[in-house]
Amino acid sequence: MTGAQQPSNAPAASGRGARAAASDFAGRHRSMTIIVGLAVIASILPLIVTLPPFSSFSPQVIWIDGFTNAGVFVLLAMGLNIVVGMSGLLDLGYAAFFAIGAYTMAYAGSPFGADFPGNVFWPMLLIGAAVAMVFGILLGAPTLRLRGDYLAIVTLGFGEIVPLVILNSSKFTDGPNGIGGIAAPEILDFVFPTVGNPWPFYVTMVALIAIAMILIYRLQDSRLGRAWSSIREDELAAAANGVNTVTTKLLAFALGASVAGVAGVFQSAKLTLVSPNLFRFDVSFTVLAMVVLGGMGNIWGVAVGAFVIFLIQNVFLKQLNIFFDAVQMPFFKDVDFLQYQFLLYGIALVAMMLLRPEGLFPSRRRRRELHTSEDAEFGEHGDPLGASPE
Amino acid sequence: MTSTALSVSQNPFVEAFRRQRLGPYLFVLALGLGVFFVFGPEQFVNAMTKGAIYALIALGYTMVYGIIELINFAHGDVFMVGAFVSLFVLTNVLGQQGPAADPLVMLGIIGIDILVTGAVMGIIGVTIERFAYRPLRNAPRLAPLITAIGVSFILQNIIQIIYGPSPVNTPQIIPPTARVQIGDVSIGWINIFIISVSIALMIGLQAFVGRTKIGRAMRATAQDREAAQLMGVNINRTIAVTFFIGSALAGVAGVVQGLYLGNISFTLGFQAGLKAFTAAVLGGIGNIAGAALGGFVIGFVEVSAAASGLAVWSQAAVFAVLIITLVFRPSGLLGQQLGERA
């Protein structure tokens, strides 16, 4: 079981020696690698942003806060990757589970809701995950028997209904106003500051990502993970080989939902407020785009993809304005790039899919699949009618 | 197929009923009558009009899905762009600001508007297919879906940049005050116009797909692309024609939407597209008559919810109907019982 994906899974043809040894070590001590790797990344990032040109855009504190927000999407993308990338089920309403997690936290930790005394954040991480999981099972149980595209549309519908229900049942959710005043997390009487000092949330986020990543990697290598990939490749064959497809798909759905629940709890504790329009369909689509662009099925790839896309969407495009204003480049300085944000994003999605449909960091298996399909297109050897009429 | 063969009833009436597959039509008729008698004729006409618009959009979804098994997410936005192209044609080309003077001019203006908008949207649809979907025809199924989402963002943003984020008023060529009195019920001419135009287009489309050579090529491609190719069908042209027709119909839907409601916005496409896709699935995806039926069912459900004072829940009601249909009758009202397809 050493042939797993690594962040540096460059073809080992050129530099075998040290790189091969490193990759071998990483394969054997996966959890250790994840912890060390994330710790290194998490300590380097704050240092990089103090250097020019990044430091000229915004102070370090703002960057760290942005990274924490990006972390929420990294979690979401890793969770959706279980459903879409690892099991091949198309879920277009993933934001619904994010919303459910967020509102669970909001309900438990705000004066509007139950307002449980004490430090609710840490237990709510688990409870939010469980609640989202229950909703995942409730949605999945009747619908997972459907064919793939119907599943997509049912999840899309679910993703639309949940914000609508939240919006319209004012008695429980305060409708469009949302719920505010959500209690911040505490550790031993230290209350996490919501403004000014972004470090506690940043560190918590990194820890959450590390835990999620370790668990998801373990799942991927487990019997369940192999069942998922067998369903993704060929559901009929998997069923014929004794995989209980309904239970397996349901587990993928439920576990994916629970990750979104955790992300939701974190999000609402960090923002200290939730409102229904934070969980619209564009969140679902953005997370799906992150999974696909990052490289479906590859956990590290998806995480990096999510991080990069979030920064492009929320930081880079804003900085473009400042940048072109600063250098006084004709034409570009008059363009408001924020206005074109979704246009550029859409073009990026299309271009990316056309140029590299397997994503930025494809899993090895995925890349091989795509190459087989290309081979098949250029004519199988045993096929006398292989020539295309065009 | 075997399951139907096993459950064939001995009763000749029931068997004839089954063979003609009248059940779904009767169901929709019953639903319509229910709306008619519970909420009154005005609401019934309103529901029919909305349903007709959804049905026109749903046709494009169902045709594209039938032929290349792609959920064309950009289709709702093609509809939205159609509404704006129609606005451009009416105000900037034909110089109309409000209702036209006499009925003949009215029909002439709308006729030109529908033809031009339909043609423009058809060309846009073919262009989208050519650049965003065709290169990915052999890629994994998620890839064209993502480009469809990308195209949808692009279309929305272009319109938002040109016309701004707030709703834009459109000239109502047929004034909403022009009504015909039947007994003590008054029906707008615009409603009659929309319903008859869409039913005419649906019948035309059904005839086109069923009777013409290109229509036969479309059905062959939908059944088995490779076999059709071996029989000499030009696949690329057939798929392009499918996109042209589907997008042109969405364009016409955009025209009538602008005429009916009098204002449009760049966010129009997503919701309408979602409901129209629901209609397509409800009717049995890939089935043209089914898309039409589904559209009307969605219209009835939506208007019933709104008329019972639950307007904010109408969207949720539509999706609830969708989920219930899929759970109990996954192939839709008219769809064939398809086996598990990869």
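Residues numbered from 1 in each chain as written. Chains lettered and ligands numbered in written order. Predicted model: local features only at pLDDT ≥ 70, side-chain atom pairs only at ≥ 80, totals over all residues.

## Looking at the packing of helix 13 (residues 281–295) of chain A against helix 7 (residues 142–163) of chain B
Stage number 1. Interaxial distance between helix 13 of chain A and helix 7 of chain B falls to 11 Å at its minimum, and their mutual angle equals 135°. When the axes of helix 13 of chain A and helix 7 of chain B are compared, the pair comes out oblique. You can see that helix 13 of chain A and helix 7 of chain B cross each other, and the crossing is left-handed. For the pair formed by helix 13 of chain A and helix 7 of chain B, the contact residues are Phe285, Ala289 and Val292 of chain A on the first element and Leu142, Ile146 and Ile149 of chain B on the second.
Stage number 2. In terms of residue class, the contact of helix 13 of chain A with helix 7 of chain B is made up of six nonpolar, no polar and no charged. (Axes fitted to C-alpha atoms, helices over the stretch in contact; angles between N-to-C directions. Helix = DSSP H or I, 4+ residues; strand = E, 2+ residues; numbered from the N terminus. Parallel < 35°, antiparallel > 145°, perpendicular 65-115°, else oblique. Left-handed = near helix turned anticlockwise from the far one by under 90°. Contact = placed C-beta atoms within 7 Å. Nonpolar A, V, L, I, M, F, W, Y, C, P; charged D, E, K, R; others polar.)

## With respect to the pairing of strand 3 (residues 185–188) of chain B
Where a strand is regular, its side chains alternate between the two sheet faces.
Residues and elements named next belong to chain B.
Stage number 1. Examined bridge by bridge, strand 2 (residues 179–182) and strand 3 share four bridges and lie antiparallel to one another. Each bridged residue has a counterpart across the sheet, and for isoleucine 182 the counterpart in strand 3 is valine 185.
Stage number 2. The antiparallel pairing of strand 2 with strand 3 creates a hairpin that spans two residues between the two strands, and glycine 183 there sits at a positive phi of about 65°. (Pairing = 2+ DSSP bridges.)

## A closer look at the interface of chain A and chain B
Stage number 1. Contacts between chain A and chain B engage 37 residues on the former and 36 residues on the latter.
Stage number 2. Of all the secondary-structure elements, those providing two or more residues to the side of chain A that touches chain B are helix 6 (121–143), helix 7 (148–168), helix 13, helix 15 (341–355) and helix 16 (364–377) of chain A.
Stage number 3. Among the elements that line the side of chain A that touches chain B, the one with the most residues is helix 7 of chain A, at twelve residues.
Stage number 4. Split by residue class, the side of chain A that touches chain B holds 27 nonpolar, six polar and four charged.

## A word on the environment of valine 35 of chain B
Stage number 1. Inspection of the secondary structure assignment puts valine 35 of chain B in helix 3 (residues 23–39).
Stage number 2. Residues contacting valine 35 of chain B, with those up to four places away along its chain left out, are Gln43, Phe44, Ala47, Phe300, Val303 and Ser304 of chain B.

## Digging into the environment of threonine 155 of chain A
Residues and elements named next belong to chain A.
Stage number 1. With respect to the helices and strands, threonine 155 occurs in helix 7.
Stage number 2. We classify threonine 155 as buried; it has 23 C-beta atoms within 10 Å.
Stage number 3. With 64 residues separating them in the primary sequence, threonine 155 and aspartate 91 have C-alpha atoms 5.6 Å apart. (Buried ≥ 20, exposed ≤ 12 C-beta atoms within 10 Å, placed from the backbone.)

## Quick notes on helix 13 (residues 288–307) of chain B
Stage number 1. Helix length check: helix 13 of chain B, at 20 residues, gives a terminal C-alpha distance of 29 Å against a target of 28 Å (1.5 Å per residue), a fit within 8%.
Stage number 2. Immediately downstream of helix 13 of chain B, the backbone of glycine 309 of chain B shows phi near 80°, a positive value. (Expected span 1.5 Å × (residues − 1).)

## Considerations on the confidence of the model for chain A
For residues with low pLDDT, the predicted coordinates do not support detailed interpretation.
All names here are of chain A.
Stage number 1. Confidence in the prediction of chain A, expressed as mean pLDDT, is 79, and 85% of residues score 70 or more.
Stage number 2. For chain A, the element scoring lowest by mean pLDDT is helix 16, at 54; helix 12 (residues 245–271) scores highest, at 91.
Stage number 3. Low confidence marks residues 1–13, where pLDDT is under 50. Its contacts with residues over four positions away, or in another chain, come to 19 contacts.
Stage number 4. Across residues 373–390, where pLDDT falls below 50, the model places seven contacts with residues more than four positions away in sequence or in other chains. (pLDDT = per-residue confidence, 0-100.)

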